[in-house]
Amino acid sequence: MHMKFKTLLAPIALASFLAVSGGAQATVTVYTSQAAYLAAITHAGVDSFDDLDYTTPLSTPQARTAGSHSYTASVGPTSNFFPATDDGVDVWLATNNRRDTVTFSGFSAGVQAVGGFFFGSDISGNSTSATALTLQVTDASGSISQQLLNPNTGSFLGFVSTGGLSSLKLWVGSQGTGEAGVWPTINDLTLGSVAAVPEPQTYALMLGGLGLVGWMARRRKA
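In this text, all values refer to a predicted model and were calculated from it rather than measured experimentally.

A.B. asks: Looking at this structure, I do not really get the overall build of the protein chain. What am I missing?
C.D. replies: When helices and strands are tallied, the protein chain shows 2 helices and 15 strands. When each of the 222 residues of the protein chain is scored for burial, the buried share is 45%. Accessible area of the protein chain: about 10700 Å², with a carbon and sulfur share of 57%.

A.B. asks: What exactly am I supposed to notice about the sheet that holds strand S12 (residues 142-149) here?
C.D. replies: Sheets are built from strands paired through backbone hydrogen bonds, the pairs being either parallel or antiparallel. If you trace the 6 strands from one edge of the open sheet to the other, you get S4-S5-S8-S14-S11-S12, paired in antiparallel fashion. At either margin of the open sheet sits one strand with a lone partner, and together these are strand S4 (62-66) and S12. Put simply, the sheet's adjacent strands are angled 20 degrees from each other on average, direction ignored. Inspection of the sheet shows strand S11 (residues 132-139) paired to S12 by 8 bridges, in the antiparallel sense. Along S12, the bridge assignment pairs valine 137 with isoleucine 144.

A.B. asks: Teacher, can you tell me more about the pattern of salt bridges here?
C.D. replies: Once their charged atoms are close, side chains differing in charge can pair, the charge on each being opposite to the other. Going through the model one piece at a time under the given rule, you end up with 2 salt bridges. In this structure, arginine 64 engages aspartate 51 in a salt bridge whose closest nitrogen and oxygen atoms are separated by 2.8 Å. Residue arginine 64 is found in strand S4, and its partner aspartate 51 is found in the loop between strand S3 (42-47) and S4; the two are separated by 13 residues along the sequence. Exposure remark for arginine 64: the relative accessible area of 13% places this residue in the buried category. Here aspartate 51 falls in the exposed class, since its relative accessible area comes to 56%. Taken together, the salt bridges that share partners define one network made up of Asp47, Asp51 and Arg64.

A.B. asks: I keep staring at the packing of aromatic side chains and nothing clicks. Help me out?
C.D. replies: Ring pairs (aromatic) are described by centroid distance and by the angle formed between their planes. The full count for this structure, using the stated rule, is 5 aromatic pairs. Ring centres of tryptophan 92 and phenylalanine 119 lie 5.0 Å apart, and the angle between their planes is 90 degrees; on these two criteria the pair is classed as edge-to-face. Here the residue tryptophan 92 occupies a position in strand S7 (residues 91-94), and phenylalanine 119 occupies one in strand S9 (residues 113-121), the gap between them amounting to 27 residues. The same class applies to tryptophan 92 and to phenylalanine 119, which are both buried. On the numbers, 5.5 Å between centres and 70 degrees between planes, the contact of phenylalanine 117 with phenylalanine 156 is edge-to-face. With phenylalanine 117 in strand S9 and phenylalanine 156 in strand S13 (residues 156-161), this pair connects stretches of sequence that are 39 residues apart. For the residue pair phenylalanine 117 and phenylalanine 156, the accessibility class agrees, reading buried in each case. Feature note: the residues Tyr31, Tyr37, Phe117 and Phe156 constitute an aromatic cluster, connected by ring pairs.

A.B. asks: Just checking my understanding: could you explain the confidence of the model for the protein chain for this structure?
C.D. replies: Interpretation of the predicted coordinates at a detailed level should be avoided for regions scoring low in pLDDT. Across the protein chain, the average pLDDT comes to 85, with 77% of residues at 70 or higher. Ignoring residues within four places in sequence, the model shows residues 8-12, a span with pLDDT below 50, making 13 contacts including any to other chains. pLDDT under 50 marks residues 15-23. Its contacts with residues more than four places away, or in other chains, come to 23 contacts.

A.B. asks: What's the story with the pairing of S11 in this structure? I'm lost.
C.D. replies: A regular strand places its side chains on the two faces of the sheet in alternate fashion. Burial within S11 is extensive, with 7 of its 8 residues counted as buried. Two successive antiparallel strands, S11 and S12, enclose a turn made up of 2 residues.

A.B. asks: Looking at this structure, how should I read the side chain of serine 33?
C.D. replies: Take serine 33: it is sitting in the loop between strand S2 (27-31) and helix H1 (34-40). Relative accessible area serves as the criterion here: at 11%, serine 33 is assigned to the buried category. Here alanine 36 takes part through its backbone nitrogen, which lies 3.2 Å from a polar atom of the side chain of serine 33.

A.B. asks: What should I look at first to understand the environment of alanine 26 in this one?
C.D. replies: Summarising the element assignment, alanine 26 is placed in the loop between strand S1 (13-17) and S2. Between the alpha carbons of alanine 26 and aspartate 139 there is a distance of 8.2 Å; along the sequence they are 113 residues apart.

About the criteria used
- Residues numbered from 1 in each chain as written.
- Predicted model: local features only at pLDDT ≥ 70, side-chain atom pairs only at ≥ 80, totals over all residues.
- Heavy atoms only, no water.
- Helix = DSSP H or I, 4+ residues; strand = E, 2+ residues; numbered from the N terminus.
- Buried < 20%, exposed > 50% of the residue type's maximum accessible area, 1.4 Å probe, protein only.
- Areas by Shrake-Rupley, 256 points an atom, 1.4 Å probe, with all protein chains shown as cover.
- Pairing = 2+ DSSP bridges.
- Axes fitted to C-alpha atoms, helices over the stretch in contact; angles between N-to-C directions.
- Salt bridge = Lys/Arg side-chain N within 4 Å of Asp/Glu carboxyl O.
- Phe/Tyr/Trp six-rings, centres within 6.5 Å; stacked < 30°, edge-to-face > 60°.
- pLDDT = per-residue confidence, 0-100.
- Contact = heavy atoms within 4.5 Å.
- Polar contact = N/O pair within 3.5 Å; in protein donor to acceptor, adjacent residues only side chain to side chain.

Laid out in structure tokens, this is it:
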């Protein structure tokens, strides 16, 4: 397998509530099961990253698409991307500096869900375990963080918000410090929407309308 080297430097859902300052409170649900995440969203689109050249560094930022959705992938503060792979076929998005943070942002309208497989890769671009990998998702109401311990290529995490998403960030170890021998890596980033749920006022109007129809029917019969 072609070897490449990076810059060397030292099924349940969990409901979480974002902090708000006035207005309606948004809710983010965290999924650790890909099947449950896909069942909770609509218009799912996947960016597999298989179009990337895993032998060459990749500039930042990158304009990408996941199905009908668009987004921007960026990395920093010090370096760029360096795609990784185990087999030369399934390519992943990874950083060139293990201390950098990956940010997904600039989501197209209607994107309320972001998920994927998050793990670590080594200096040669092969998958490796990371002691602690942190993801932070942000919407208009605030941010929440979720940690993956010793993730591998099958470790899935998905976030579904009742509002639009602003960003998803990913880093290994302590942000800005990293972890020796491990680079943050992503595969099959999946974006989606959430089916609209009627507001309580809508339910009230529907029930009121049904009641009125029933009253008129009884009155006509009388």
